[in-house]
Amino acid sequence: MTSANPWGYASITLSPERTVHATISLCTNLTTNQKPTNNTIPETWALDLTFTRSASAQPSTPIQLNLQQDTSPWKTLLQQTLSPPTPLLTIRFLFTSTPGYITRSDLIPLRFECLPGLLSAHTFLTPLQHVTPITPQSLTPSNLPQILSSSLGALLLSNDYSPAVLNNETNNRLGLPFLLPSPPTRKRIAWVQGREDIDCIERALSAAQALGISLVIIDEKGHWLQDPSSPWAHLREDFIEADVAPNEDFPQRIVDAVRGYPKPINGIVTISDVRLAGVAKACEILGLPTESPEAYEIAADKGRTRLLETVGAEESFVLRHKDDLEGVLAQNVELKFPMVVKPVIGWSSDCVTKVKNVDELRVAVKKASDRHADSPKPSTAVVVEPYVAGPEVDANFVMLNGEIVFADINDDFPSPADSANAGLRENFQETQNVLPSALPKHELEALQDQLRATLVRQGFKSGVFHCEARVRNSSVKYQDVGNGILDLVPANNQNSTDGATDPEVYLHEVNARPPGYLESVAVQLAHGVDYYALRMLLALGDAEEARFRALSHPFRNGPQFHLSVMIIQQTRRGIMRSADAAKEFLEKYPDVRENVVDYYTRKKGGDVLEGPDAASLWWIAFFSVVSRTSRRDLLERVAFIEKNFDYEFDHRND
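Residues numbered from 1 in each chain as written. Predicted model: local features only at pLDDT ≥ 70, side-chain atom pairs only at ≥ 80, totals over all residues. Heavy atoms only, no water.

Digging into the overall build of the chain
And step 1. Per the secondary structure count, the chain includes 18 helices and 31 strands.
And step 2. The C-alpha atoms of the chain give a radius of gyration of 27 Å, which matches the 26 Å a tight globule of 654 residues would have.
And step 3. Across its three principal directions, the C-alpha atoms of the chain cover 95 × 60 × 55 Å.
And step 4. For the chain, the proportion of its 654 residues judged to be buried stands at 56%.
And step 5. Residue pairs in contact within the chain that sit at least 24 positions apart in sequence constitute 74% of those at least 6 positions apart.
And step 6. Counting only carbon and sulfur atoms, one obtains 49% of the accessible surface of the chain, whose full area is about 27,400 Å². (Helix = DSSP H or I, 4+ residues; strand = E, 2+ residues; numbered from the N terminus. Rg over C-alpha atoms; globule rule 2.2 N^0.38 Å. Buried < 20%, exposed > 50% of the residue type's maximum accessible area, 1.4 Å probe, protein only. Contact = heavy atoms within 4.5 Å. Areas by Shrake-Rupley, 256 points an atom, 1.4 Å probe, with all protein chains shown as cover.)

Shown next, in the form of structure tokens:
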């Protein structure tokens, strides 16, 4: 049982001219062992230092702490924090009485991110460090400085925090087996295709450092991570210049790059859909851990994926080329419109079209077949399938040896093409993803069970997967719930939890890698699970199973808030004049900023806006908006941004 007791009073000398004062509270039994885990949850305790601006209440013999004598991490933190005037805050120093090796050195900042009342979180650990156990019983006034030197890290909190709430949150966020009994060793991973900029990969690169993994980036000449003087160069060990075009010779070029590196490489990672199978082939040649290249080939091909599915098998067909359509139509195949047409390869709903008749079908098939005809990995094949009106989801799975060890399912709200009157111009680009999902429990279970079966059917045993699907026969539907806000409500007067109609999971696609960066970050913030860290650990094989399982544990109390990843789509053609539209919007509405935990402007000043007819579906900006109150409160916050977001641009006449 958690206990918090006044323990002492400290007089802290910052300099010969300055002393500050703090009351000290001892909090014990902060983490408890409970299901679900097969490992021991480390016993955690804390010392809370609450600072005041007066020494009037101090006892005659306070504990003396001198910060001038050395540069221990805890002393450095106090020196940096307690600049005049003395801030009214509390610093919680965290300890464990359990020995072991840390799973990742930034665990405290990672798991406490977005804690209400948190000013900042700090780690005192280094990657792969052995943690020496410290028990609260060993604490005395004379050894307090030595005890503080053994702290795992610290939380800086505003003084209006609730100790009881903080104790509960410590159990919630650190209730995972974050210490390993055996020492992990430093490893090296080759990361193929380093992404377009730091804003869509920084957390993954930082995670590698915290895990004790050295990254070697393999990418084209001139990539932003190549320059050793780059401000981001410290996030990678080295850069190998190579042709990473995903053509027939791509696997061998990766093999040559790895073999030519002077240090051993223990695994290879890519999160590029068109390169996953090639990297898997390279791993096979090199004898490195990997899933089957054939499984990656199937997942990357929406046609092969569709033909393997049991749901909808008789309702869809795959064309090798646009010219094959007329042969299908000549067979008088029954077509149940509306239908959806898409290339067998692609991403971000690019070139996916809903059609209502044969004429529109011909137009959409030509467009989809031509989309990747001249790409480095040419493809002219097209999938034609029924339009399923049920609610759509993004379903993310962490799987190990066929077992789902973590799952996140979130609601993918209706897109422009979901409108009953949508034509060829409307697209399926996301408008917002809301987590956690509001689908009833039996439908969430059906999604997890049926999509796991899909992954196994494709040949996967382990991985981090991003699936997109719809629920046919769902007991809920999207409807205006007031003030123009859409949300899920019971459909056809059914009880949304009775499970009277068996739901069918209609798969759209499997991406055999983590979800996109903005969704991966959203899941990390809401659940505490880092998909990129898990994907890198998988690339290192069985030796990292214990760390993989440990870091797959979400917060014990579930997601810490309702979160919407909302997308601002392109609706106008021109040249963007606003330097950073999302940043400028948040500066204009500071009350909105308080509930935005992540954002990014993709279309910045000078960029071309192609409008809704853009060849590639690049959005203007996104915001990750949160509410700790309710899903309805979240959707109202999103509606405010949708209504008030604006930007300046210059019209184009071409």
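From this point, the discussion proceeds with the structure in view.
Digging into the sheet that holds strand S8 (residues 130-131)
And step 1. Judged by pairing direction, the sheet is antiparallel, and its 3 strands sit side by side in the order S8-S6-S10 without closing on themselves. Looking along the sheet, the strands with just one partner apiece sit at the ends: S8 and strand S10 (179-180).
And step 2. Relative to S10, strand S6 (residues 100-102) runs antiparallel, the two sharing 2 bridges. Across the sheet, the residue bridging to Tyr101 is Leu180, located in S10. (Pairing = 2+ DSSP bridges.)

Digging into the nonpolar core
And step 1. Trp191, Ile213, Leu215 and Met536 are the most contacted members of the largest nonpolar core, which totals 71 residues.
And step 2. Counting residues in each nonpolar core, the second largest holds 54 residues, with Ile404, Val471, Tyr478 and Ile568 among its members. (Core = buried A, V, L, I, M, F, W, Y, C linked by side-chain atoms within 4.5 Å.)

Things to note about the packing of aromatic side chains
And step 1. On inspection of all chains with the given rule, the structure shows 18 aromatic pairs.
And step 2. Three or more aromatic residues link up through ring pairs in this structure, and these residues are Phe585, Tyr589, Tyr599, Phe623, Phe640, Phe645, Tyr647 and Phe649.
And step 3. Here the basic side chain of Arg173 rests over the ring of Phe555, its NZ or CZ set 5.1 Å away from the ring centre.
And step 4. It is Lys354 that lies over the ring of Tyr387; its NZ or CZ is 4.3 Å from the centre. (Phe/Tyr/Trp six-rings, centres within 6.5 Å; stacked < 30°, edge-to-face > 60°. Lys NZ or Arg CZ within 6 Å of the ring centre and 35° of its normal.)

Examining helix H4 (residues 163-174)
And step 1. Its 12 residues give H4 an end-to-end C-alpha distance of 16 Å, which sits within 8% of 16 Å, the value for a rise of 1.5 Å per residue.
And step 2. What H4 keeps buried is the set Leu166, Asn167, Glu169, Thr170, Asn171, Asn172, Arg173 and Leu174. (Expected span 1.5 Å × (residues − 1).)

So, the pattern of salt bridges
And step 1. Counting across every chain of the model gives 35 salt bridges.
And step 2. Between Asp411 and Arg631 there is a salt bridge, and its shortest N-O distance comes to 3.0 Å. Separated by 220 residues along the polypeptide, Asp411 in strand S20 (residues 403-412) and Arg631 in helix H18 (residues 631-644) bring together distant segments of the chain. The same class applies to Asp411 and to Arg631, which are both buried.
And step 3. The shortest N-O distance in the salt bridge between Glu648 and Arg577 comes to 3.8 Å. Here Arg577 lies in the loop between strand S27 (573-576) and helix H16 (581-588) and Glu648 lies in the loop between H18 and strand S31 (649-650), a separation of 71 residues in the sequence.
And step 4. Assessed through its relative accessible area of 46%, Arg577 is described here as partly exposed.
And step 5. Through salt bridges that share partners, Arg104, Asp106 and Asp530 make up one connected network. (Salt bridge = Lys/Arg side-chain N within 4 Å of Asp/Glu carboxyl O.)

Remarks on the sheet that holds strand S29 (residues 608-610)
And step 1. Taken in spatial order, the 3 strands make up an open sheet running S29-S27-S31, and their pairing is antiparallel. Each having just a single partner strand, S29 and S31 make up the two edges of the open sheet.
And step 2. For S27 and S31, the ladder comprises 2 bridges, and the chain directions are antiparallel. When the bridges of S31 are listed, Ile575 appears paired with Asp650.

A closer look at the environment of Asn33
And step 1. Along the chain, Asn33 falls in the loop between strand S2 (18-28) and strand S3 (44-52).
And step 2. The exposure class of Asn33 is partly exposed, given its relative accessible area of 48%.

Things to note about the packing of helix H7 (residues 276-286) against helix H8 (residues 293-300)
Helices that pack against each other are described as a pair by the angle of their axes relative to one another and the distance between those axes.
And step 1. One can describe the packing of H7 onto H8 by two numbers: an axis separation of 8 Å at closest approach and a directional angle of 180°. Considered as vectors, H7 and H8 are oriented roughly antiparallel to each other. From H7, Leu276, Ala277, Ala280, Lys281 and Glu284 reach across to H8, where they touch Pro293, Tyr296 and Glu297.
And step 2. Across the contact of H7 with H8, the residue classes break down as 5 nonpolar, no polar and 3 charged. (Axes fitted to C-alpha atoms, helices over the stretch in contact; angles between N-to-C directions. Parallel < 35°, antiparallel > 145°, perpendicular 65-115°, else oblique. Nonpolar A, V, L, I, M, F, W, Y, C, P; charged D, E, K, R; others polar.)

Regarding H8
And step 1. Along H8, the residues that are buried comprise Pro293, Ala295, Tyr296, Ile298 and Ala299.
And step 2. Tucked inside the fold, the buried residues of H8 contact H7, helix H9 (302-308), helix H12 (441-458), strand S25 (504-511) and helix H14 (531-538).
And step 3. For H8, the side-chain oxygen to backbone nitrogen distance between the N-cap and Glu294 is 3.1 Å, and the N-cap itself is Ser292. (Polar contact = N/O pair within 3.5 Å; in protein donor to acceptor, adjacent residues only side chain to side chain.)

Describing unusual backbone geometry
And step 1. Of the consecutive residues Phe337 and Pro338, the connecting peptide bond is found in the cis state with omega at 0°.
And step 2. For Pro338, the location among the structural elements is in the loop between helix H10 (325-330) and strand S16 (339-343).
And step 3. The amide bond that connects Leu435 to the next residue, Pro436, takes the cis arrangement and shows omega of 0°.
And step 4. We note that Gln193 has phi near 70°; this positive angle belongs to a residue other than glycine.
And step 5. In this fold, Gln193 is placed in the loop between strand S11 (187-192) and helix H5 (202-211).
And step 6. The residue Arg195 is not glycine, and still its phi comes out positive at about 75°.
And step 7. The topology assignment puts Arg195 in the loop between S11 and H5.

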